[in-house]
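# Geometric and topological summary
Letter by letter, the chains look like this.
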Amino acid sequence: MTYAGVTRVVGPVEEIITIEEVKARLDIVRTDQDLMIASLIKGAVERIDGPNAWGLALMSQTWRRTLDQFERQIDLPGYPVQSVNAVTYRDASGSEQVLDPQSYFLASHVEPAQLVIRQAVNLPDTDPEIGAVWVDYGVGYGDRNEIPGPLIDAIALLIGHRYENREAAIVGTISNELPLGYTAIMRDYARHRVTA
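This text gives an overview of the structure that appears in the document. Along each chain, numbering runs from 1 in the same order as the chain's sequence is written. For a predicted model such as this one, the threshold for reporting local features is a pLDDT of at least 70, and the threshold for listing and counting side-chain atom pairs is 80 or more; totals across whole chains, interfaces and linings nevertheless cover every residue. By convention in this description, side-chain values take in all heavy atoms of the structure and omit both hydrogens and water.

### As for the sheet that holds strand β2 (residues 61–67)
Strands belonging to one sheet form pairs held by backbone hydrogen bonds; the direction of such a pair is parallel or antiparallel. For two strands to count as paired, DSSP must find a minimum of two bridges between them. Helix numbering and strand numbering both begin at the N terminus, where a helix is a DSSP run of H or I of at least 4 residues and a strand a DSSP run of E of at least 2. Taken in spatial order, the 5 strands make up an open sheet running β1-β2-β8-β4-β5, and their pairing is antiparallel. The sheet is open, and its two edges are formed by β1 (6–10) and β5 (96–98), each paired on a single side. Between one strand axis and the next, the sheet turns through 30° on average, direction left out of account. Pairing of strand β4 (residues 81–90) with strand β8 (residues 133–139), which is carried by 7 bridges, proceeds in the antiparallel orientation. If you follow Y89 over to β8, its bridge partner there is V133. To obtain an axis, a line is fitted to C-alpha atoms, over the contacting stretch when the element is a helix, and the angle between two such axes runs from 0 to 180 degrees between their N-to-C directions.

### Regarding the sheet that holds strand β7 (residues 113–117)
With antiparallel pairing, 3 strands are arranged side by side in an open sheet as β3-β7-β6. The open sheet has two edge strands with one neighbour each: β3 (73–76) and β6 (104–107). The average angle at which neighbouring strand axes cross in this sheet is 20°, direction not considered. Both β3 and β7 contribute to a ladder of 4 bridges, which runs antiparallel. Residue pairing in the sheet places Q73 in a bridge with V116 of β7.

Take a look at the structure:
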């Protein structure tokens, strides 16, 4: 399940967890598996971070919500939402316009956060084609030091599980279920999802 009409347009600029940190957690001293560990890190982070995962943005990034027309209140899925960067639309003639930032505000105290267009502002007429309105907004806890520790633990648990269970399993011999700690952490941190 993914957020409807939401994509990531700018990703994090630094690693959430490094190969060295993973190796220290898993007590690995060999260097010949660093490429595989890097791949496991990428997979684990993608499973948790972003609009196609659990609805979380771990480090600062930019997501885009696309709509067919303006609404007075526009849900901004994802957590935590920090800012609205720009509200852009195609007007009735098909020209691209940017909505004046004074005409809206971010309600980040609700979940999902909302872009709210002020009552005194008339909603602009838009191009009748789909995807005529898009909102770019900043999400994420900040840098890697601001990510809640349990989410880093969840990434490490998932990496450790995948590292230990790399081979195809024969039914009844190896559990392919996710680690219990991972599941419990993600149950606590998962966010509401907007679906089509």
